[in-house]
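Spelled out, the chains give:
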Amino acid sequence: MASTPPSRRSFLALSGLTFLSVPLAAACGGGDSGRMPAGGGKVAFAWWNIATTEPGKSLFPQLSTAFTDAHPNITIKTTSLENEAFKSKLTAVTSSGRLPDVFQTWGGGVLRQQVDAGLVEDLTDAFGWSSDLTPVSLQAYRFDGRTYAVPYDVGMVGFWYNKRLFAKAGISAPPGTWAELLEDVRKLKAAGVTPIALAGKEKWPGHFYWAYLAMRVAGLAALGQAAAAKDFTGAGFVRAGSHLKELVDLQPFQQGFLGAGYSTPGGQAATMGNGKAAMELMGQWAPSVQQDAGGDLGADLGFFPFPAVDGGLGQVGEVLGGGGGFALRKGAPKEALDFLKFFVLENQSKLLASNGYLPVVKGAESGVADANRRAVAESLARATGFQLFLDQAYPPAVGQEVNDSVADLIAGRKTPEQVTTSITEAAKGA
């Protein structure tokens, strides 16, 4: 993507982390970080981020320079890496117990592993301005009531739809329930319109359906309880798979969807952006990727939240999503947190004006200019609950099994019961 954080890959968890048993003294950043012995109180810290594409590529250095200009005793040594290169390098330094002072994180299972290894600073008591941020933006970085990172971006998954194609099928308003969604799929097919674009090859887009259905049927709390108990075989999770199978049985996806990528030519985003499908279930970055990979739907593009499921325990205000944040290594200079306050709280308007990030500061959603991005921001502001992407919230092996098993369900290779059994087996082995 050119105008948003690089892609959904940005939100995927790091994988393959291993931890050595090292004393915390060895868990400091590289030798060029921390307080420098000479120079009368000068401080230097390392900042690793993923701002290799616009707008972050230009904006992040601008904010860093503005901070150091105002604090000439502070030096920020910045390393910007593409997502996959960042993950690989952070995995290596994590294994050696030498995290950078400030580093990109998406929270969830991987951050929890780093926290449990004693490598990450607990910010709870020093992070007094967390009350200025939205609860949903903080949730991915909180464990056992403690906060371990500062968010700078947050988003959610929902349905992006083509208003013109909906009108062609005689659909006057987005569906509010799962039953209405299925009926709209039937209407679209009857009108000769492909209802949904899906990147079946990449698996993670399909997991959004099962995750949301589990949230709507079993309830948000059930996902956390299942993870803690390492048991996803409950009736609510089986029902979630059964509802997804109802959709799959209607054959709603574009031809060749099982081999389709997300942002590749002819893939999910291109199919949607070129007006060849009426809907896609995707995060807030969807319009930008549609433009890059296919076309710009302009005023024809709309957004609606994942619908309710009749008889389910979940609420429409509970959202699935993720975002970006920065964590501090254990023992990082306190000035590093001062920088994050400057970056997030004092420059929220610049982050929003870049059209690449959604607000984490309370009340800032009104500052989002683009109508569709504002719709997402307002949905987040109204959210009654937040669930991190399952392939990030859980330990990497469990998240991967969610993706794999749901992909098998969509392809007709697994039953709803087999999906829950496979995820449970992965959880027990994690």
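Worth saying up front: this structure is predicted, and the values here are computed from it rather than measured.

A. Representation of the nonpolar core in the model. Judged by nonpolar contacts, the single largest core of 112 residues is most densely connected at Phe 60, Trp 210, Leu 244, Met 279 and Phe 343. With eleven residues, helix 7 (residues 204-218) is the largest single contributor of residues to this core. Each residue touching Phe 60, except ones within four places of it in the same chain, is listed here: Trp 47, Asn 49, Ala 51, Tyr 152, Phe 326, Phe 343, Leu 351 and Tyr 357. Core analysis: the second largest hydrophobic core is formed by 20 residues, Leu 81, Val 115, Ala 140 and Phe 143 among them.

B. Spatial organisation of the pattern of salt bridges. Scanning the model with the defined rule gives twelve salt bridges in all. Of the charged contacts in the structure, one is a salt bridge between Lys 245 and Asp 249, with a shortest N-O distance of 3.1 Å. Here Lys 245 pairs with Asp 249, and both are found in helix 9 (residues 235-249), just four residues apart, close to one helical turn. Of the residues examined, Lys 245 reaches a relative accessible area of 37% and is grouped as partly exposed. Where Glu 401 meets Lys 414, a salt bridge forms, and the shortest distance between an N and an O atom there is 3.6 Å. Of the two residues, Glu 401 sits in helix 16 (residues 396-410) while Lys 414 sits in the loop between helix 16 and helix 17 (416-429), which places them 13 residues apart along the sequence. Exposure class is identical for Glu 401 and Lys 414. Each is buried. Each member of the salt-bridge network shares a partner with another, and the members are Arg 112, Asp 116 and Asp 144.

C. Structural detail: the layout of surface pockets. Considering only enclosed or pocket space, the largest pocket measures out at about 540 Å³ in volume. Gly 108, Arg 112, Arg 142, Phe 143 and Ala 393 are, among the 21 residues lining the largest pocket, the residues nearest its centre.

D. Representation of helix 14 (residues 371-382). The end-to-end C-alpha separation of helix 14 is 16 Å, in line with the 16 Å expected for twelve residues at 1.5 Å each. Within helix 14, burial applies to Asn 372, Arg 373, Val 376, Ala 377, Ser 379 and Leu 380. What you see down the axis of helix 14 is that its buried residues fit within an arc of 160 degrees, all on one side. The inward-facing, buried residues of helix 14 abut helix 4 (135-138), strand 7 (150-156), strand 8 (158-162), strand 10 (301-304), strand 11 (318-328) and strand 12 (385-388).

E. Up close: the packing of aromatic side chains. Enumeration over the complete set of coordinates arrives at 36 aromatic pairs. Pairing Phe 60 with Phe 326 gives two aromatic rings, centres 6.5 Å apart and planes at 65 degrees, and the pair type is edge-to-face. Highlighted residues: Phe 60 in helix 1 (residues 56-70) and Phe 326 in strand 11, separated in sequence by 266 residues. According to the relative accessible area criterion, Phe 60 is buried, its value standing at 2%. By relative accessible area, Phe 326 is classed as buried at 0%. When the ring of Trp 210 is compared with that of Phe 237, the centres are 6.0 Å apart and the planes differ by 25 degrees; the resulting orientation is stacked. Residue Trp 210 is located in helix 7, and its partner Phe 237 is located in helix 9; the two are separated by 27 residues in the primary sequence.

F. Here's a closer look at unusual backbone geometry. In this structure, the amide linkage connecting Glu 54 to the following residue, Pro 55, adopts the cis form with an omega of 10 degrees. Tracing the backbone shows Pro 55 in the loop between strand 2 (43-49) and helix 1. One non-glycine residue, Lys 203, adopts positive backbone phi at about 70 degrees. Relative to the helices and strands, Lys 203 is located in the loop between helix 6 (178-190) and helix 7. Judged by relative accessible area, Lys 203 falls into the partly exposed class, the value being 31%.

G. The packing of helix 9 against helix 16, seen in detail. Packing of helix 9 against helix 16 brings their axes to within 9 Å, and their N-to-C directions diverge by 45 degrees. Classed by the angle they form, the pair helix 9 and helix 16 counts as oblique. Contacts between helix 9 and helix 16 involve Gly 241, Leu 244 and Val 248 from the former and Val 406, Leu 409 and Ile 410 from the latter. Class assignment of the residues belonging to the contact of helix 9 with helix 16 gives a composition of five nonpolar, one polar and no charged.

H. Just the confidence of the model for the protein, in detail. When pLDDT is averaged along the protein, the result is 89; 91% of the residues meet or exceed 70. For the stretch residues 35-40, pLDDT sits under 50, and the model shows seven contacts to residues farther than four places along the chain or on other chains.

I. Expanded view of the environment of Leu 345. Considering the arrangement of structural elements, one finds Leu 345 in the loop between helix 12 (334-344) and helix 13 (348-353). Once the C-alpha coordinates of Leu 345 and Thr 424 are considered, the two residues, 79 residues apart in sequence, prove to be 40 Å apart.

J. The arrangement of helix 7 in detail. Here helix 7 spans 21 Å end to end across 15 residues, near enough to the 21 Å set by a 1.5 Å rise per residue. Phi for Gly 219, located one or two positions after helix 7, is positive at around 100 degrees.

K. Just the pairing of strand 2, in detail. With seven of seven residues buried, strand 2 is to be regarded as a mostly interior element. Side chains Val 43, Phe 45, Trp 47 and Asn 49 project from strand 2 onto one buried face, and the interleaved Ala 44, Ala 46 and Trp 48 project onto a second face that is buried too. With seven bridges connecting them, strand 2 and strand 3 (residues 74-80) associate as parallel partners. Opposite Val 43, over in strand 3, you have Ile 74 as the bridge partner. At this point the chain moves from strand 2, through helix 1, to the parallel strand 3, and the crossover so formed is right-handed. Here two bridges tie strand 2 to strand 4 (residues 102-105), and the two strands are oriented parallel to one another.

L. Representation of the pairing of strand 12 within the structure. Every second residue of strand 12 is oriented toward a common face, with Gly 385 and Gln 387 on one face and Phe 386 and Leu 388 on the other, all of them buried. As paired elements, strand 11 and strand 12 share four bridges and run parallel to each other. Bridging across to strand 12, Glu 318 finds its partner in Gly 385.

Cut-offs applied
Along each chain, the written sequence defines residue order, and numbers are assigned to residues from 1. In keeping with the predicted nature of the model, local features appear solely for residues at pLDDT of at least 70, side-chain atom pairs appear and are counted solely at 80 or more, and the whole-chain, interface and lining totals rest on all residues. Remark: hydrogens and water are excluded; side-chain values derive from all non-hydrogen atoms of the structure. We call a set of buried residues a nonpolar core when its members are Ala, Val, Leu, Ile, Met, Phe, Trp, Tyr or Cys and they connect through side-chain atoms within 4.5 Å of each other. Per-residue accessibility, obtained with a 1.4 Å probe over protein chains only, is compared with the maximum for each type, and a residue is labelled buried under 20%, exposed over 50%, and partly exposed between these values. Secondary structure elements are taken from DSSP: a helix is a run of H or I of four residues or more, a strand is a run of E of two residues or more, and numbering for both begins at the N terminus. It only takes one pair of heavy atoms within 4.5 Å for two residues to be counted as in contact. Each reported salt bridge corresponds to a side-chain nitrogen of Lys or Arg within 4 Å of a carboxyl oxygen of Asp or Glu. Here a cavity denotes grid points, spaced 1 Å and computed from the protein atoms alone, that fit a 1.4 Å probe unable to get out, and a pocket denotes an open set having protein on both sides within 12 Å along at least 5 of 7 lines; residues with an atom within 4 Å of a point are the lining. Grid points are joined across faces, edges and corners, and a volume is the space filled by probe spheres set on the points. What a helix should span is 1.5 Å times the count of its residues minus one. Within this analysis, the arc is defined by the directions that extend from the helix axis to the C-beta atoms. Think of it this way: a Phe, Tyr or Trp ring, Trp meaning its six-membered ring, pairs with another when their centres are within 6.5 Å, and the plane angle makes it stacked under 30 degrees, edge-to-face over 60, tilted otherwise. Axis angles are defined between N-to-C directions and span 0 to 180 degrees, where every axis is a line fitted to C-alpha atoms and, for a helix, only to the segment in contact. Note on angle classes: values under 35 degrees are labelled roughly parallel, values over 145 roughly antiparallel, values of 65 to 115 roughly perpendicular, and the remainder oblique. All amino acids are sorted into three groups, where Ala, Val, Leu, Ile, Met, Phe, Trp, Tyr, Cys and Pro are nonpolar, Asp, Glu, Lys and Arg are charged, and the leftover types, Gly among them, are polar. A residue's pLDDT is simply how confident the predictor is in it, with values from 0 to 100. Any two strands with at least two DSSP-identified bridges between them are counted as paired. By convention a crossover is right-handed if, when the strands point away from the viewer, the path from the first strand over the helix to the second runs clockwise.

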